[in-house]
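Close look at the chain arrangement
Here is how the chains run, residue by residue.
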Amino acid sequence: MKYYICICFTVLLIASCNQEMDYKSIIQQYESEEFLCISLLEIEGKSILSGSNFTGRCLSYNKELTKKEMLLSYKDGVQEGLVIGYYPDGKPEYVGYRNNGQINGEFIRLHNNGEVEIKGQFNNGLYVGLFKYYDESGKKIEQTRYNNFGVLIKTKKY
C-alpha cells in the first residue's frame, strides 16, 4: 500500500510540474479588477491601505491615469503573487509572479497581437532554466538556457 501511495504522489508531482501557465484564463479572470494602486501609501518599503499593510490586487496606471500599466498583487504590503503588465493600448504584455518583490516563477511575455513572445522561469529576479522565444506568428525562433545563477549557458537559433 505504501508503495502504491508513493507512486501516485510521484505521478501527481510530475504532472503538476509539466503543466504550463494558462495565461489566457489568468488575464480573463482579472481583467475586471478596478481597485487602483494610487490608493496605497508607500511607507518604509511597504504598501499601506487604511493604516495596515495591504494584501490584495490593484491596478497601476500612468501618471495621467489614462493608461493601465500593471495589475499588481500584494501580501502584507509587499509585491507578492500575480503581476500582469499591459501595452499602452491596454492589451496584455506579460504575465508573471513576484515573491518578496522579486520576479519569481513562470513568466510569459506576449506580442501585441496576443501571440506568445517569450516563455521562461525566474528565480529571485534571475533567469533560470529554459527560455523560449517566438515570432509574431507563434514560430519558435530561439531557445536559451540559464544556470541557477542566471548565467547564460546555451543559445540555439531556429
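This one's a predicted model, so the numbers in the text were calculated from it and none came from an experiment.

Remarks on the pairing of strand β8 (residues 92–99)
- Here six bridges tie strand β7 (residues 81–86) to β8, and the two strands are oriented antiparallel to one another. In the sheet register, Gly85 faces β8, and the bridge partner there is Tyr94.
- Turn length for the β7-β8 hairpin, with the two strands adjacent in sequence and antiparallel, is five residues, and the turn residue Gly90 shows positive phi of about 95°.
- Summarising the sheet, β8 and strand β10 (residues 105–110) pair through two bridges and their orientation is antiparallel.

A look at the confidence of the model for the protein
- Confidence in the prediction of the protein, expressed as mean pLDDT, is 87, and 88% of residues score 70 or more.
- Within the protein, the element-level pLDDT minimum falls on helix α1 (residues 2–18), averaging 40, and the maximum on strand β13 (residues 140–146), averaging 98.
- Every residue in residues 1–17 scores below 50 in pLDDT, and together they form zero contacts with partners more than four places removed in sequence or on other chains.

Description of helix α2 (residues 23–30)
- Among the residues of α2, Tyr23, Ile26, Ile27 and Tyr30 are the ones counted as buried. The arc that holds every buried residue of α2, seen down its axis, measures 95°, which confines them to one face. Exposed positions of α2 whose direction lies more than 90 degrees from the buried face are Lys24, Gln28 and Gln29.
- Buried residues belonging to α2 abut β4 (56–61), β5 (68–75), β7, β8, β10 and β11 (116–123).

Calculation rules
- Residues numbered from 1 in each chain as written.
- Predicted model: local features only at pLDDT ≥ 70, side-chain atom pairs only at ≥ 80, totals over all residues.
- Heavy atoms only, no water.
- Pairing = 2+ DSSP bridges.
- Helix = DSSP H or I, 4+ residues; strand = E, 2+ residues; numbered from the N terminus.
- pLDDT = per-residue confidence, 0-100.
- Contact = heavy atoms within 4.5 Å.
- Buried < 20%, exposed > 50% of the residue type's maximum accessible area, 1.4 Å probe, protein only.
- Arc of directions from axis to C-beta.

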